[in-house]
Amino acid sequence: MKMDPLTPLDTLCRIILRAREYEAQTPSDYDEGEGADNVDDDDSGEALSVLDDDINDGVEEELRAVIDDLGEDQQAELLAFCWVGQGTYEASDWDEAMAEATDEVAAGGVVDQFLEMPMLASVLEAGMAAFELSCDGVGDLS
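Summarised in this report is the structure supplied together with it. What you see is a predicted model; the values in this text were computed from it and never measured.

Thresholds, definitions, all that
Residues numbered from 1 in each chain as written. Predicted model: local features only at pLDDT ≥ 70, side-chain atom pairs only at ≥ 80, totals over all residues. Heavy atoms only, no water. Core = buried A, V, L, I, M, F, W, Y, C linked by side-chain atoms within 4.5 Å. Buried < 20%, exposed > 50% of the residue type's maximum accessible area, 1.4 Å probe, protein only. Helix = DSSP H or I, 4+ residues; strand = E, 2+ residues; numbered from the N terminus. Contact = heavy atoms within 4.5 Å.

1. Let's talk about the nonpolar core
Judged by nonpolar contacts, the single largest core of 38 residues is most densely connected at F81 and F114. At the level of secondary structure, the elements contributing two or more residues to this core comprise α1 (9-24), α2 (57-69), α3 (72-86), α4 (94-107), α5 (110-116) and α6 (120-129). It is α3 that provides the largest number of residues to this core, a total of eight residues. Not counting the four nearest positions on each side in its chain, F81 is found in contact with M3, P5, L12, W94, V123, L124, G127, M128, F131 and L133.

In structure tokens form, the structure reads like this:
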């Protein structure tokens, strides 16, 4: 089922890219407060954990800003894509997914919901794939 998304494809792909980066550095207390010693911060000489890297807080800020800058209809579309990717809705139930997502966005707090969503990049990508949308061939998004 092919569709033309409301959100530009390069924006959707940028969200996927940043979500992957964000997921790769989600804070972890895997060592119960012990100092990590597997990565050195050249600037401060501190040891940092790959999973608890304060240097890259900008990734979360950028991801939050990109989602926050979307119109409400685009945020609803993003949420509906994620729900299709998670299997909450089938692609054939798109109108129903969009209606519920629109209500969810209107209620507020949807940006935090995206940042807390497990595997955001993967579910968004899977949801887009259900509509034959892909980031293949999209320019350099870094």
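2. Structural notes on unusual backbone geometry
For M119, which is not glycine, the phi torsion reads 55 degrees and is therefore positive. Following the sequence through the fold, M119 ends up in the loop between α5 and α6. Positive phi, close to 60 degrees, is recorded for E132, a residue that is not glycine. Considering the arrangement of structural elements, one finds E132 in the segment after α6.

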